[in-house]
Amino acid sequence: MSEFKKIWKYLSETNITQYGVKKKGNRPHITIADYDNLEKDIFVDLLNKFYADKPKIDISLNILGTFINTGTLFLAPTLSTELLDFHSNHHTYFKEFNENKESFYLPGKWSPHCTIASRLSDDNMIQAFSYYINNSNKTSGKLSEIALIEVELNDAGIAIKDTVVFTKVLK
């Protein structure tokens, strides 16, 4: 999805945000679940088995939006049957790990999105939004890989570090 790299580069060069470039290897992604206190080895084994035969999913990111009062600008995919089934099947299989009933990633609460930038000021949000609508088109791609990422939060609940624990390329 070179579309993301193009906008991340522009936002960085114009000092709007370093979100997409501050970490080497940052990739566009859609979060499908979050978990607390995982037994990583057990979970990785289950992920590997569950996703062994799962196909890649075509996605069309054609909605530009923001989560109110967060400074987050994102692209959201069309909610295809395949994407919703992918998400639902994941949560059904891994239901024993869904300890946080308030999670925004549970079925019925999930707003799939691919973040362009976060923690933008109002002015920077307007600039980023304007740049995107004037220089980009809808973006298509494939959901092609699943990853388990361990995230470290600071005292304010902001992610300060993430570590890829496991990845699995879909068929």
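Let us look at the structure shown here.

In this section: the packing of aromatic side chains. For the structure on display, the rule yields 14 aromatic pairs. Measuring from ring centre to ring centre gives 5.6 Å for Tyr51 and Phe86, while their planes differ by 45°; the resulting arrangement is tilted. Of this pair, Tyr51 sits in the loop between helix H2 (40-50) and strand S1 (57-67) while Phe86 sits in helix H3 (residues 81-93), and the two are 35 residues apart along the sequence. Relative accessible area serves as the criterion here: at 8%, Phe86 is assigned to the buried category. Between Phe94 and Phe97 the ring centres are 6.3 Å apart and the planes differ by 50°, which places this aromatic pair in the tilted class. Members of the aromatic cluster, joined through ring pairs, are Tyr35, Phe43, Phe50, Tyr51, Phe86, Tyr93, Phe94 and Phe97. Against the face of Phe50 rests Lys54, its NZ or CZ located 4.1 Å from the ring centre.

Turning our attention to the pattern of salt bridges. This structure, assessed with the given rule, holds 6 salt bridges. Taking the shortest distance from any N to any O, the salt bridge between Glu150 and Lys40 comes out at 3.0 Å. One end of the pair, Glu150, is in strand S5 (residues 145-153); the other, Lys40, is in helix H2, with 110 residues separating them in the sequence. Glu150 gets classed as partly exposed once you look at its relative accessible area, which sits at 40%. The partly exposed category is assigned to Lys40, whose relative accessible area is 34%.

Calculation criteria
Residues numbered from 1 in each chain as written. Predicted model: local features only at pLDDT ≥ 70, side-chain atom pairs only at ≥ 80, totals over all residues. Heavy atoms only, no water. Phe/Tyr/Trp six-rings, centres within 6.5 Å; stacked < 30°, edge-to-face > 60°. Helix = DSSP H or I, 4+ residues; strand = E, 2+ residues; numbered from the N terminus. Buried < 20%, exposed > 50% of the residue type's maximum accessible area, 1.4 Å probe, protein only. Lys NZ or Arg CZ within 6 Å of the ring centre and 35° of its normal. Salt bridge = Lys/Arg side-chain N within 4 Å of Asp/Glu carboxyl O.

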